[in-house]
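# Chain and residue survey
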Amino acid sequence: MSQRITVKNLERLCEHLNKVTENKTAPWVQGEDGRNRANIGTFYIDGAYGGWSLSQLVNESGGARNVLSIGHVPARELFNLMHAYLRGMEDKERANQ
């Protein structure tokens, strides 16, 4: 029987993705002026409609893109897709060496 995939599993995998891509792991940072700003490039897990997606911040105001262009899906599906995304990045890295 397969292990249940939780939001914590997705968040840990997302943290690993941020480390591999050398992005900050916290989506938001408080500036010296006290205002919150998005860490551009940071990946995060977004939940809506009973499902989950992998998003990436694209500007300081918090604009984001849906990385996998799939909408919100069950946790296991996103977990598997995120592993495939990471494998693709690793394959590209190996090919460029």
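Scroll up for the structure.
Residues numbered from 1 in each chain as written. Predicted model: local features only at pLDDT ≥ 70, side-chain atom pairs only at ≥ 80, totals over all residues. Heavy atoms only, no water.

## Quick notes on the overall build of the protein
When you go through the protein residue by residue, the secondary structure sums to two helices and five strands. Helices and strands in the protein line up, N terminus first, as α-β-β-β-β-β-α. Here the C-alpha coordinates of the protein stretch approximately 50 × 40 × 20 Å along the principal axes. Put simply, of all contacts in the protein between residues at least 6 apart along the chain, 35% involve residues at least 24 apart. Split by element, the accessible area of the protein, about 6600 Å² in all, is 48% carbon and sulfur. Between the mean site of the 12 positive side-chain charges and the mean site of the 11 negative ones, the protein shows a separation of 5 Å. (Helix = DSSP H or I, 4+ residues; strand = E, 2+ residues; numbered from the N terminus. Contact = heavy atoms within 4.5 Å. Areas by Shrake-Rupley, 256 points an atom, 1.4 Å probe, with all protein chains shown as cover. Lys, Arg positive; Asp, Glu negative; His and termini not counted. Charge placed at Lys NZ, Arg CZ, Asp CG, Glu CD.)

## Describing the side chain of S53
With respect to the element layout, S53 can be found in strand 4 (residues 51-57). The buried category is assigned to S53, whose relative accessible area is 1%. At a separation of 3.4 Å, a polar atom in the side chain of S53 contacts the side chain of H72. Setting aside anything within four residues of it in sequence, one finds S53 in contact with Y44, I45, D46, N66, G71, H72 and L78. (Buried < 20%, exposed > 50% of the residue type's maximum accessible area, 1.4 Å probe, protein only. Polar contact = N/O pair within 3.5 Å; in protein donor to acceptor, adjacent residues only side chain to side chain.)

## Some details on the pairing of strand 3 (residues 43-48)
Each regular strand displays side chains that alternate between the two surfaces of the sheet. Alignment of strand 3 against strand 4, held across six bridges, turns out to be antiparallel. Residue pairing across strands places D46 opposite S53, the latter belonging to strand 4. The antiparallel pairing of strand 3 with strand 4 creates a hairpin that spans two residues between the two strands, and Y49 there sits at a positive phi of about 55°. (Pairing = 2+ DSSP bridges.)

## Quick word on the packing of helix 1 (residues 7-20) against helix 2 (residues 75-95)
Between helix 1 and helix 2, the shortest axis-to-axis distance is 10 Å and the interhelical angle comes to 15°. Taken as axis vectors, helix 1 and helix 2 run roughly parallel relative to one another. Relative to helix 2, the crossing made by helix 1 is left-handed. Between helix 1, through N9, L10, L13, C14, H16, L17 and V20, and helix 2, the contact on the second element is made entirely by A75, L78, F79, M82, H83, Y85, L86 and M89. Partitioning the contact of helix 1 with helix 2 into residue classes produces twelve nonpolar, three polar and no charged. (Axes fitted to C-alpha atoms, helices over the stretch in contact; angles between N-to-C directions. Parallel < 35°, antiparallel > 145°, perpendicular 65-115°, else oblique. Left-handed = near helix turned anticlockwise from the far one by under 90°. Nonpolar A, V, L, I, M, F, W, Y, C, P; charged D, E, K, R; others polar.)

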